[in-house]
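Summary of structural features
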Amino acid sequence: MKLLVNIDHIATLRNARGEGYPDPVEAARVCEEAGAAGIVFHLRGDRRHIRDQDVSRLKEHVRGKLDFEMSASDEMLEICTEVNPHLCTLVPEGREELTTEGGLKMATVYDDYEKRVFPKLRETDIEISLFLDPNPEDIELAHKLGTDAIELHTGTFANAEPGKQQHELTRLRKAANMANDLGIKVNAGHGLNLDKLPDLLETITVLNEVSIGHALISKSIYWGLERTVKSYLEIIEDFYG
């Protein structure tokens with residue numbers, strides 16, 4: 001099981017001053033040298049953090065897996081197919097949201113994805129992942145659509161009160177096992193930190209990748225990126241060896 005680091009908020013900090021630093025590409029290099037298996041970025045329509053020039057530079061410099069998170073707009077499909085990352089993770093995107101607030105509603109997007117989105121991406125060798133809440137109905141539709149992978153939205157679990165966390169973990173475990181049984185790769189991400197990750201790994205044994213960004217970047221302000229990445233990897237190694 002692999003750790004991918006989301007470097008969006010390195011760009012957020014850079015953009016706050018409108019200057020050239022900190023550099024998301026330099027952050028990606030440090031993360032990979034510390035042992036991360038790859039890098040995640042979300043190019044939003046409003047370009048609030050990662051920007052187009054970052055994308056091309058990340059493609060050039062990232063040595064491991066490159067995961068392009070994006071909405072399914074025509075603009076993003078064009079950029080993604082030109083960049084040709086290893087993985088494209090399709091996520092919902094709201095104009096006023098501070099961060100992605102939940103998974104795709106597959107019943108709503110299914111027809112569009114079947115007719116427009118998947119055919120465009122299938123012209124390439126880019127692996128497709130869908131960002132989903134742990135709902136059986138959504139996983140069934142994702143399987144019908146022919147997705148390569150799903151990324152389970154772990155934010156509800158990560159933000160739940162202690163008395164409700166086990167319920168959310170159970171939902172995640174059942175969803176992960178269902179997807180795995182259907183031959184879909186299972187990834188997970190959103191809201192995970194050093195405290196929540198062990199509970200997730202203890203509960204779900206079929207994870208392929210975890211994507212961690214905000215908590216990792218925030219901790220690195222105090223610890224540095226190298227130490228922080230290695231701390232997450234130590235947790236993963238405790239479970240997966």
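Report on the accompanying structure.

By the element assignment, His9 lies in helix α1 (residues 8–17). Classification of His9 as partly exposed rests on a relative accessible area of 31%. Put simply, His9 and Ala215 are 206 residues apart on the chain and 10.0 Å apart in space, counted from C-alpha to C-alpha. If we ignore the near neighbours within four places in the chain, the residues touching His9 are His49, His214 and Ile217. Polar side-chain contacts of His9 include one of 3.0 Å to the side chain of Thr12.

Right, let's talk about the packing of aromatic side chains for a bit. Summed over all chains, the structure comprises two aromatic pairs. Both rings, one in Phe41 and one in Phe68, keep their centres 4.7 Å apart while their planes meet at 45 degrees; by these two values the pair is tilted. Of this pair, Phe41 sits in strand β2 (residues 38–42) while Phe68 sits in strand β3 (residues 65–70), and the two are 27 residues apart along the sequence. On the basis of relative accessibility, which here comes to 0%, the residue Phe41 falls in the buried class. For Phe68, a relative accessible area of 0% gives the class buried. Lying across the ring of Trp223, Arg227 places its NZ or CZ 3.9 Å from the centre.

Moving on: the side chain of Thr154. Turning to its location among the elements, Thr154 is positioned in the loop between β6 (149–153) and α7 (155–159). Take Thr154: its relative accessible area is 1%, and that puts it in the buried class. Contacts of Thr154, omitting those with residues within four sequence positions, involve Leu172, Ala188, Gly189, His190, Leu192 and Leu200.

Here the focus is the sheet that holds β2. Here we have eight strands rolled up into a closed barrel, ordered β1-β2-β3-β4-β5-β6-β7-β8, and parallel in their pairing. On average, each strand axis in the sheet is tilted by 25 degrees relative to the strand beside it, whichever way the strands run. Where strand β4 (residues 87–90) lies against strand β5 (residues 127–132), four bridges are found, and the strand directions are parallel. Across the sheet, the residue bridging to Thr89 is Ser129, located in β5. Lying on the sheet, helix α6 (residues 136–145) is in contact with β5 and β6; it crosses β5 at an angle near 165 degrees.

Following the criterion strictly, the structure yields 19 salt bridges and no others. Residue Arg14 is joined to Asp54 by a salt bridge in which the shortest nitrogen-to-oxygen separation is 2.7 Å. In this pair, Arg14 sits in helix α1 while Asp54 sits in helix α3 (residues 52–61), placing the two residues 40 residues apart along the sequence. Both residues of the pair, Arg14 and Asp54, count as buried. Each member of the salt-bridge network shares a partner with another, and the members are Lys65, Glu127, Lys185 and Glu209.

This brings us to helix α8 (residues 162–181). The terminal C-alpha atoms of α8, which comprises 20 residues, lie 30 Å apart, in line with the 28 Å expected from a rise of 1.5 Å per residue. Listed as buried for α8 are Gln165, Glu168, Leu169, Leu172, Ala175, Ala176 and Ala179. In an axial view of α8, the angular spread of the buried residues amounts to 135 degrees, which keeps them on one side of the axis. Exposed and oriented more than 90 degrees from the buried face of α8 are Gly163, Gln166, His167, Lys174 and Asp181. Of the surrounding secondary structure, the elements contacted by the buried residues of α8 are α6, β6, α7, β7 (185–189) and α9 (196–203). Looking one or two residues beyond α8, the residue adopting positive phi is Gly183, at roughly 85 degrees.

Let us look at helix α10 (residues 214–223). Residues spaced three or four apart along an α-helix face the same direction, because each turn holds 3.6 residues. Among all positions in α10, only Leu216, Ile217 and Ser220 are buried. The buried residues of α10 occupy one face: seen down the axis, they fall within an arc of 95 degrees. Pointing more than 90 degrees away from the buried face of α10 are the exposed residues His214, Ile221 and Tyr222. At its buried positions, α10 is contacted by β1 (2–6), α1, β8 (207–212) and α11 (225–240).

Rules and cut-offs
- Residues numbered from 1 in each chain as written.
- Predicted model: local features only at pLDDT ≥ 70, side-chain atom pairs only at ≥ 80, totals over all residues.
- Heavy atoms only, no water.
- Helix = DSSP H or I, 4+ residues; strand = E, 2+ residues; numbered from the N terminus.
- Buried < 20%, exposed > 50% of the residue type's maximum accessible area, 1.4 Å probe, protein only.
- Contact = heavy atoms within 4.5 Å.
- Polar contact = N/O pair within 3.5 Å; in protein donor to acceptor, adjacent residues only side chain to side chain.
- Phe/Tyr/Trp six-rings, centres within 6.5 Å; stacked < 30°, edge-to-face > 60°.
- Lys NZ or Arg CZ within 6 Å of the ring centre and 35° of its normal.
- Pairing = 2+ DSSP bridges.
- Axes fitted to C-alpha atoms, helices over the stretch in contact; angles between N-to-C directions.
- Salt bridge = Lys/Arg side-chain N within 4 Å of Asp/Glu carboxyl O.
- Expected span 1.5 Å × (residues − 1).
- Arc of directions from axis to C-beta.

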